[in-house]
Amino acid sequence: MYFTHSLTGALFVKPIIDKVEDKFTQKEKVVLWFAGITGSVLPDFDLVYMLFHGLGNHRYYPTHGIFLYISLYLLIYLIGLLHDKKEFGRKFFKTLALVTIVGVLSHFIIDTFIGGIVIFAPFSENIYGFGIYYDKQVSNWLFRYLTSNYMIFEAINLLLFFKILKGKKYFFAKFISLGYVVVAIFAFTLISVVFS
Ligand SMILES: [Zn+2]
């Protein structure tokens, strides 16, 4: 999926943030939403690299391997151990590490079904999952994607997102997620123009 990873990310971290709702301040919760949703788009940050180094299959990069994120998880967790404070303390960092990795996992799950991922990169280049199949022969890959059945998944994702994250309570979650959708649309369009 190209555009709505951040929406899936929000849906994945919602049960966690809902559960710890009373334990954290509003400020802490906004940071948790931001980290979880950012985690769900983090693997696609390799697009920035692609923009400067050419169009390969970006799913081969280590950004689509699990090791980078296990390290990130441990790093956040360790920082938490050093922060014995009331706000943004140990408990917060523990949850921060969790929502970040859950966000990343949501990306991996989607990419496994749409495209496949190199989960053990950079140690193995084996792709796990299902490739992207198009029934149309259009030369520009973005246009081919836009006219493919995969857009149905993107639309379902959008509908689910608005149905489940209803109300003012999720204002920041919606703001951050939709912000990333706009960034994704911009990034993929830019890449498709640069490399067509
Ligand atoms: Zn991806």
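Note that the structure is predicted; figures quoted are calculated from it, not measured.

### Observations concerning the overall build of the chain
Helix and strand counts for the chain come out as eight helices and zero strands. Listing the helices and strands of the chain from first to last along the sequence gives α-α-α-α-α-α-α-α. A globule of 196 residues ought to have a C-alpha radius of gyration of about 16 Å, and the chain, at 17 Å, matches this closely. Across the 196 residues of the chain, 28% fall into the buried class. Restricting the contact set of the chain to residue pairs at least 6 apart, pairs at least 24 apart contribute 70%.

### What to know about the nonpolar core
Membership of the largest hydrophobic core comes to 21 residues, with the highest contact counts inside it found for Ala10, Leu32, Ile37, Leu96, Val99 and Ile101. The biggest single contributor to this core is helix α5 (residues 90–113), with seven residues. When neighbours within four sequence positions are excluded, Ile37 is seen to be in contact with Ser6, Gly9, Ala10, Gly103, Ala173, Ile176, Ser177 and Tyr180. With five residues, the next largest nonpolar core counts Met1, Tyr2, Ile110 and Tyr145 among its residues.

### Some remarks on the packing of helix α1 (residues 5–19) against helix α7 (residues 150–164)
Helix-helix packing is described using two parameters, namely the angle between the two axes and the distance between the axes. At their nearest, the axes of α1 and α7 sit 9 Å apart, and the two run at 40° to each other. It follows from the interaxial angle that α1 and α7 lie oblique. Classified by chirality, the crossing of α7 by α1 is left-handed. Facing Leu7, Thr8, Ala10, Leu11 and Lys14 of α1, the residues of α7 in contact are Asn157, Leu158, Leu160, Phe161 and Ile164. Looking at side-chain class alone, the contact of α1 with α7 contains seven nonpolar, two polar and one charged residues.

### Some details on the environment of Ile185
Mapped onto the fold, Ile185 is located in helix α8 (residues 171–194). Residues Ile185 and Thr4, spaced 181 residues apart in sequence, show a C-alpha to C-alpha distance of 9.2 Å.

### Considerations on unusual backbone geometry
Glycine aside, residues mostly have negative phi angles, and peptide bonds mostly take the trans form. Between Ala121 and the following residue, Pro122, the backbone shows a cis peptide bond with an omega angle of 5°. For Pro122, the location among the structural elements is in the loop between α5 and α6 (141–146). Of note in the backbone geometry, Phe88 takes a positive phi value of approximately 55° without being a glycine. Of note, Phe88 is situated in the loop between α4 (67–82) and α5.

### Describing the confidence of the model for the chain
Scored by pLDDT, the chain comes out at a mean of 90, with 96% of its residues at no less than 70. Of all helices and strands in the chain, the one with the weakest mean pLDDT is helix α3 (residues 46–53) (75), whereas α1 scores best (98).

### Section: α1
The end-to-end C-alpha distance of α1 is 22 Å, a good match for the 21 Å that 15 residues give at a rise of 1.5 Å each. Val13 marks where α1 bends most, by close to 40°; the proline Pro15 follows one to four residues later. Taken residue by residue, α1 has His5, Ser6, Leu7, Thr8, Gly9, Ala10, Phe12 and Val13 as its buried positions. In the core, the buried residues of α1 are packed alongside α2 (26–41), α5, α7 and α8.

### Observations regarding the packing of α1 against α8
Between α1 and α8, whose axes approach to 7 Å, the crossing angle comes to 155°. Here α1 lies roughly antiparallel to α8, going by the angle between them. Within the contact between the two elements, α1 uses Ser6, Leu7 and Ala10 and α8 uses Ala173, Ser177, Tyr180 and Val181. Class assignment for the residues of the contact of α1 with α8 results in five nonpolar, two polar and no charged.

### As for the environment of Ile76
Mapped onto the elements of the fold, Ile76 is located in helix α4. In the structure, Ile76 is positioned 45 residues away from Val31 in sequence and 13 Å away in space, judged by C-alpha atoms. Setting aside residues no more than four positions away along its own chain, Ile76 makes contact with Phe93, Leu96, Ala97 and Thr100.

Cut-offs and rules
Residues numbered from 1 in each chain as written. Predicted model: local features only at pLDDT ≥ 70, side-chain atom pairs only at ≥ 80, totals over all residues. Helix = DSSP H or I, 4+ residues; strand = E, 2+ residues; numbered from the N terminus. Rg over C-alpha atoms; globule rule 2.2 N^0.38 Å. Buried ≥ 20, exposed ≤ 12 C-beta atoms within 10 Å, placed from the backbone. Contact = placed C-beta atoms within 7 Å. Core = buried A, V, L, I, M, F, W, Y, C linked by C-beta atoms within 7 Å. Axes fitted to C-alpha atoms, helices over the stretch in contact; angles between N-to-C directions. Parallel < 35°, antiparallel > 145°, perpendicular 65-115°, else oblique. Left-handed = near helix turned anticlockwise from the far one by under 90°. Nonpolar A, V, L, I, M, F, W, Y, C, P; charged D, E, K, R; others polar. pLDDT = per-residue confidence, 0-100. Expected span 1.5 Å × (residues − 1). Bend = angle between axes of the 7 residues up to and from the residue.

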